[in-house]
Amino acid sequence: MDLLHSSILSLSDCFNSFLSGSMLLAATMSIASYFVIPILFGGQRKNWKNAPPGPAGWPILGSLPHLSHHLHEDFFQLAKIYGPLFSVNMGIKPAIVVSSPEMAAQVLKEKEGMFSSRTITEAIRVVSYDAHSIIFSPYGPRWKALRRILITELLSPKAFEQFESLRTTQVHGLLKHLYLLSKSNTQVNIAESAFTALANLVSNFVCSKNIFDNSKPEGRKMKEVFWEMIKVIGTPNFSDLLPIVKPLDPQGLKRKIRKIFDQMDAFYEKIIEERLAEKVKAQLETTHNNEKTDLLDVLLSYKSNDKENGLERFSRAIIKGMLSEMFIAGTETTSSTVEWGMTEILRQPRIHKKLLLELDQVVGKNRFVVESDIPKLPYLQATVKEVFRLHPGVPLIIPRRTNEACEVAGYHIPKHCIVYVNIWGMARDPKVWENPLDFKPERFIGSSVDVKGQDFNLLPFGTGRRSCVGWPLAHRMVHYYLAALLHAFEWDSPPGILNDMSERVGLTIQKDKSLLGTPKPRLQDSVYEH
Ligand code: HEM
C-alpha cells in the first residue's frame, strides 16, 4: 500500500523504459545530467526559494533520471549527503524527504495540520473512485466521517472483541488446511496462504462473506483480479510526475488499471445490490433485521445533517471506494509482514528456538494458539516489533502532501509539496539504532518503544490524525499468524530462498523470492483434526 510511494515515482527504470529504443540518448543524457545540465540551468529548484538542501536535478525531469524503483534506498543514500530534511524534484513536482525521528516529529506532530493531505497517483485515483474514500480523501469533512466510522464501528475495542471468533476461525482454518497439505509434503507459499486468509477476514468485516474462497471459481477469479490490481497500482507510472506525457499513457498503465477497475467495480456493484435487495426483503417480511453487522451495512445506513458537504448519505462512489480501499490497505500489507517475520525467524535458529520455548510453555502442545495467549508471549511481542522496524510494509509511509506552504527547520516548504518520511531508512541508520542491520528482538525487551505512533523512531503505521486506522487489526494478526504458524509446524525452507533478502517494490515492500516452506506438524493429530 505504498500506494503509494513507489507508484508515485518513477525513476530510472521507468525513465529508461520510456526512452527505450534510444540507449545512446539515455546514456548521453544521464552523463550530461550530472555535470552539464545542472551547471547550465542551475536545476529546477531554482524556482523554489529557501528550499532544504538537495540534488539540483534536471529541468522538467528533476531528479528522476538518478532515482531507481527502490526509492526508499535512494533516499537513504541521499540523506547521508543532504541530511535529515532534503528536497528533491520528482519530475515537475517538488518533494521533501524526512529521514530522522526528530524531523519526523516536526512534520508529523508539531506541524501536523500542514501535512495531513495525501499525494495521489493516476492508478490510485481510479481504484479509490477519484479519491472519494478514506486513504486518499483530502483532509476534511468526508475523511473525518469515514475515519470515525472505521474507528467506532469496526476497530474499537468493543468491535474488536466482537470479531474475535471470526479471526480465530480464519487462523485455525489456515492451520488445518496446512495440516492437510503436510500429509503430501506439499511446499507452501507462506505469504500467499496468509494473504488468502486475511483477505477473507477483511471481506467478512466488509460484507460478511468469504470473497476469496479458493474452493469456488468466483473466489479464485477475484483473487486473480485483485493480485493484478495490486501489481498495476504498485508499478511506478511516469505520467504521475510528468503530466505532459499523461495523454500518451506511455506504459499503458492507465488502460490496464481501467480494465481491472471495471471488473472490480462490477463486483462491488453486485455486492451492494444484493445487500439492498436483502434489506428490502427483510422489511417486507417485517423481520426488521436492522442491526448493523458489517461495514457495508454501516455505510449504507449512514445519515447526517451535513448538507453543505453533500454528506447526508454516502454516495455509491464513496461506498465502493471504501470497499476497494479496505482490500487494498488491509491484506497485502499484513501478509507481507508475516512473510518477512517468518523469514527472519526461520533463518535464525537461536531466535526460532526461543520463540518455540516460549510458545510451548504458554500454550503447550494440546491445542492451537488463541488470541488471549499473545499478551503472555513477551519474546514474540519483541520479535514482532523488530519485524516492523526492519521491514516496514510501507517504507515511506503513504506519501503526504502539504495543504499549505509552511516552514520547517527554517526552510520554505511549498503548498502541494510531496512529503516522504523514510521509516525504512531510519531503521538502518546507526544514529537511530545500535547495530541497525541486526535482526535482534532483544533490543525491545525492557524497552517501552512501541509501534503505536508515539515513538518517532518506529512508525510502521505512521502517526497522528492520518495514521493507519487498521493498525490494531494488523498488529494483532501479525502476532497471531506468526505464533500460530510457528507453534503448529516445523518449517523446511530451501536455504537459497530463505537467505535471499532482496526486496521487491510493489504496493508494499515484499520479499523478492517468495518464502516457500514445507510444514511438518508439531502437535498431536487430534489438535488439527478437531
Ligand atoms: C502490517 C499492516 C499494515 C501496515 C504496515 C500499514 C501501514 C499504514 C501506513 C504507514 C499508513 C499511513 C500512515 C500515515 O500517513 O501516517 C496507513 C494508513 C491507512 N491504513 Fe494501514 N497498514 C496496515 C494494515 C492496515 C489494515 C489491516 C487496514 C484496514 C483494515 C488499514 C487501513 C488503513 C487506512 C484506512 C489508512 C488511511 C488512514 C487515513 O488516511 O486517515 N491498514 N497504513
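Residues numbered from 1 in each chain as written. Predicted model: local features only at pLDDT ≥ 70, side-chain atom pairs only at ≥ 80, totals over all residues. Heavy atoms only, no water.

- As recorded in an unreviewed UniProt entry, the chain goes by 7-ethoxycoumarin O-deethylase-like and comes from Durio zibethinus.
- Recorded in UniProt under Cofactor (unreviewed entry), the annotation for the chain is "heme". (UniProt positions renumbered as here; feature names shortened; annotations may be inferred.)

Some remarks on the pattern of salt bridges
- Evaluated as defined, the whole model comprises 31 salt bridges.
- Asp265 is the salt-bridge partner of Lys320, the closest N and O atoms lying 2.9 Å from each other. In this pair, Lys320 is assigned in helix α16 (residues 316–330) and Asp265 in helix α14 (residues 253–284), connecting sequence segments 55 residues apart.
- The class of Asp265 is buried, set by a relative accessible area of 17%.
- In this structure, Glu274 and Lys270 form a salt bridge, with 3.9 Å as the shortest nitrogen-oxygen distance. (Salt bridge = Lys/Arg side-chain N within 4 Å of Asp/Glu carboxyl O. Helix = DSSP H or I, 4+ residues; strand = E, 2+ residues; numbered from the N terminus. Buried < 20%, exposed > 50% of the residue type's maximum accessible area, 1.4 Å probe, protein only.)

So, the pairing of strand β12 (residues 516–521)
- As judged from the 2 bridges shared by strand β4 (residues 188–189) and β12, these two strands associate in the antiparallel manner. If you follow Val188 over to β12, its bridge partner there is Gly517.
- Bridge count between strand β9 (residues 489–492) and β12: 4 bridges; the pairing is antiparallel. Note on β12: the bridge partner recorded for Asp492 is Thr518. (Pairing = 2+ DSSP bridges.)

Some thoughts on the sheet that holds strand β5 (residues 400–401)
- In space, the 5 strands of this open sheet follow the order β1-β2-β8-β5-β3, with mixed pairing throughout. Of all strands in the sheet, those with a lone pairing partner are β1 (85–90) and β3 (117–118), marking the two edges.
- Where β3 and β5 come together, 2 bridges link them in antiparallel fashion. The residue of β5 that forms the bridge with Ser117 is Arg401.
- Along the sheet face, helix α5 (residues 71–82) touches β1, β2 (93–98) and β8 (418–421) and points at about 130° away from the line of β1. (Contact = heavy atoms within 4.5 Å. Axes fitted to C-alpha atoms, helices over the stretch in contact; angles between N-to-C directions.)

Quick word on the coordination of the iron atom of the ligand
- For the iron atom of the ligand, the protein contributes exactly one donor atom, Cys468 (SG), at 2.3 Å.
- Secondary-structure assignment places Cys468 in the loop between α20 (423–427) and α21 (471–488). (Donors = N, O, S within 2.8 Å, 3.2 Å for Na, K, Ca; no water.)

Some words on unusual backbone geometry
- Even without glycine at this site, Asp249 takes up a positive phi of about 45°.
- One non-glycine residue with positive phi stands out, namely Ile397, at about 40°.
- Inspection of the secondary structure puts Ile397 in the loop between α19 (378–390) and β5.

Remarks on the packing of aromatic side chains
- Tallied over the full model, the rule gives 22 aromatic pairs.
- Between Phe163 and Phe205, the ring centres sit 4.5 Å apart and the planes meet at 90°, which makes this aromatic pair edge-to-face. With Phe163 in the loop between α9 (157–162) and α10 (164–183) and Phe205 in helix α11 (residues 190–207), this pair connects stretches of sequence that are 42 residues apart.
- Since its relative accessible area comes to 9%, Phe163 is described here as buried.
- A cation sits over an aromatic face here: Arg389 above Trp433, 5.2 Å from the ring centre. (Phe/Tyr/Trp six-rings, centres within 6.5 Å; stacked < 30°, edge-to-face > 60°. Lys NZ or Arg CZ within 6 Å of the ring centre and 35° of its normal.)

Some words on the environment of Gly330
- As for its position among the elements, Gly330 is in helix α16.
- Not counting the four nearest positions on each side in its chain, Gly330 is found in contact with Leu198, Val202 and Glu325.

Let's talk about the sheet that holds β9
- Spatial ordering of the open sheet is given by β4-β12-β9, a layout of 3 strands whose pairing is antiparallel. On the outer flanks of this sheet lie β4 and β9, each paired with one strand and no other.
- In the packing of α21 onto the sheet, the strands contacted are β9 and β12, and the crossing angle to β9 comes to about 85°.

Details of the state of the cysteines
- Here the structure, examined in full by the defined rule, presents 0 disulfides.
- Not engaged in a disulfide, the cysteine Cys406 finds its nearest cysteine sulfur in Cys417; these two sulfurs lie 8.4 Å apart. (Disulfide = S-S within 2.5 Å.)

Points about the site of the ligand
- In the region of the ligand, 27 residues are neighbours, and Arg118, Trp143, Arg147, Arg400 and Cys468 sit closest.
- Arg147 is positioned such that a nitrogen or oxygen atom in its side chain is 2.8 Å from an oxygen atom of the ligand.
- Grouping the constituent residues of the shell around the ligand by class yields 15 nonpolar, 8 polar and 4 charged. (Near = heavy atom within 4 Å. Polar contact = N/O pair within 3.5 Å; in protein donor to acceptor, adjacent residues only side chain to side chain. Nonpolar A, V, L, I, M, F, W, Y, C, P; charged D, E, K, R; others polar.)

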